[in-house]
Amino acid sequence: MIGKMPPLNLLTHPYTSLQPLTGGPGEVRERGRAPGAALVWLMAEGRHAACVDMVTDRPGGMSLLVVLPPGSEVASDSEVMASVERSRPYGILPFHPGLDPADLAQVLRRPPVDLGSEVTDYLRWRGLCVDRDTAHVIRRIIDLSSELRSISAVSRSLYLSRRALGRRLMSRGLPVPSHWLQAGRLLRAASRLQNCEASVSSIGVDLGYPDGFSLSNQMERLFGCRPSEAREHLGWEWLLEAWLKREAEQGGLTPTLTRSVTSTESPVLPARPGRSRGVKEMRRRASHH
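Residues numbered from 1 in each chain as written. Predicted model: local features only at pLDDT ≥ 70, side-chain atom pairs only at ≥ 80, totals over all residues. Heavy atoms only, no water.

J.: Describe the pairing of strand β4 (residues 63–67), naming the residues involved and giving the relevant values.
T.: Walk down a regular strand and you will see the side chains alternate between the two sheet faces. Burial of β4 is extensive: five of the five residues sit out of reach of the surface. Neither face of β4 is left uncovered, since the one carrying S63, L65 and V67 and the one carrying L64 and V66 both have all their residues buried. Of the pairings in the sheet, the one linking strand β3 (residues 38–42) to β4 comprises five bridges and is parallel in character. The partner of W41 across the bridge, within β4, is V66. Sheet analysis places β4 next to strand β5 (residues 91–93), joined by three bridges and oriented parallel. Following the sheet pairing, V67 is matched in β5 by L93. (Buried < 20%, exposed > 50% of the residue type's maximum accessible area, 1.4 Å probe, protein only. Helix = DSSP H or I, 4+ residues; strand = E, 2+ residues; numbered from the N terminus. Pairing = 2+ DSSP bridges.)

Structural data, given as structure tokens:
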């Protein structure tokens, strides 16, 4: 029952139970390093105010699942909406007194509707703030990773030369275009692995890899894990975080951006109009519960 649980809980592989988090920010940071870890925030009965800073400053790669208070509280307390906007949740669930970890796991494995937008929002939250045009380029590369396999093809779609595309990203201290393209393809592969029983080989071939061995090697090079781990540990944020940290270790980020990625705490994502869609949907759902 939600009423008997602390407001913050940890959900990790094998995603069958919730583990209470009562040790403060240090415990959240330490236990949030596990691959595929999710922070579950139970906002019922006005308990959100005491947790919002801890939730917002959770470690990079730790997904956040918000369980809303009852609909009457959402409608009457404007701070609920503000807290959710500030915390950048991975998923939002309506209030339910009998919370099932299996339902939370389903939210974690659900593919993002717009991967490019989600990735750029994640980068902003992690402090990798870039100018608007560069963010658009990154988003387009991630979008195009669903169908294109080479940077030459991506450059043509962006109406840029390969040299100009590379210069734009590298001058901002960001990884080279080919790494963004491969990261996008691998994030899509991880989503497929988590949502179907198909073999690594068939998923790899379907996504344009020569075979499953090539997909596995590429995933290990960029993310530091194999497809079996990506299948078992749900979500995509921990994989993107692993890639950013590897890029930082290998000199793919400037020292300033490296500090943002390796910092023990995550910067606050400022509210902006582009994130209002999720909050509007949250209001709609809450009105029906």
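J.: Tell me about the nonpolar core, and please be specific about residues and values.
T.: One finds L11, V40, L65, I141, W180, M219 and F223 to be the most contacted residues of the largest nonpolar core, which totals 62 residues. Excluding residues within four positions of it along the chain, F223 makes contact with A183, L186, L187, L239, A242, W243 and R246. Counting residues in hydrophobic clusters, the runner-up holds 17 residues, among them V28, M43, L64 and V80. (Core = buried A, V, L, I, M, F, W, Y, C linked by side-chain atoms within 4.5 Å. Contact = heavy atoms within 4.5 Å.)

J.: Can you lay out the confidence of the model for the chain for me, pointing to particular residues and giving the numbers?
T.: Per-residue pLDDT for the chain has a mean of 87; in total, 87% of the residues score no lower than 70. Segment residues 265–289: pLDDT under 50, and 43 contacts once partners within four positions in sequence are set aside and those in other chains are kept. (pLDDT = per-residue confidence, 0-100.)

J.: Lay out the packing of helix α7 (residues 132–144) against helix α8 (residues 151–158) with the relevant residues and their values.
T.: Between α7 and α8, the shortest axis-to-axis distance is 11 Å and the interhelical angle comes to 125°. It follows from the interaxial angle that α7 and α8 lie oblique. The chirality of how α7 crosses α8 is right-handed. Facing α7, whose interface residues are V137, R140, I141 and L144, α8 presents V154, S157 and L158. Considered class by class, the residues forming the contact of α7 with α8 number five nonpolar, one polar and one charged. (Axes fitted to C-alpha atoms, helices over the stretch in contact; angles between N-to-C directions. Parallel < 35°, antiparallel > 145°, perpendicular 65-115°, else oblique. Left-handed = near helix turned anticlockwise from the far one by under 90°. Nonpolar A, V, L, I, M, F, W, Y, C, P; charged D, E, K, R; others polar.)

J.: Tell me about the pattern of salt bridges, and please be specific about residues and values.
T.: Considering all chains together, one arrives at eleven salt bridges under this definition. E30 is the partner of R33 in a salt bridge, and the nearest nitrogen-oxygen pair spans 3.2 Å. Here R86 makes a salt bridge to D53, at a shortest N to O gap of 2.7 Å. Placement of R86 in helix α4 (residues 78–87) and of D53 in helix α2 (residues 52–56) is noted, with a sequence separation of 33 residues between them. Since its relative accessible area comes to 29%, R86 is described here as partly exposed. Three or more residues joined by partner-sharing salt bridges are found here, namely R88, E118 and E237. (Salt bridge = Lys/Arg side-chain N within 4 Å of Asp/Glu carboxyl O.)

J.: Kindly report on the packing of helix α6 (residues 115–125) against helix α10 (residues 177–195), identifying the contributing residues and their values.
T.: Between α6 and α10, the shortest axis-to-axis distance is 12 Å and the interhelical angle comes to 115°. Taken together, the axes of α6 and α10 are roughly perpendicular relative to one another. For the pair α6 and α10, the sense of crossing is right-handed. Of the residues in α10, those in contact with L115, V119 and L123 of α6 are W180, G184, L187 and R188.

J.: I'd like a rundown of the sheet that holds strand β2 (residues 19–20), residues and numbers included.
T.: Pairing within the open sheet is mixed, and its five strands lie in the order β2-β1-β3-β4-β5. Only two strands of the sheet have a single neighbouring strand rather than two, namely β2 and β5. In this structure, strand β1 (residues 8–11) lies alongside β2, joined through two bridges in antiparallel fashion. From the neighbouring strand, L10 faces β2, where its bridge partner is Q19.

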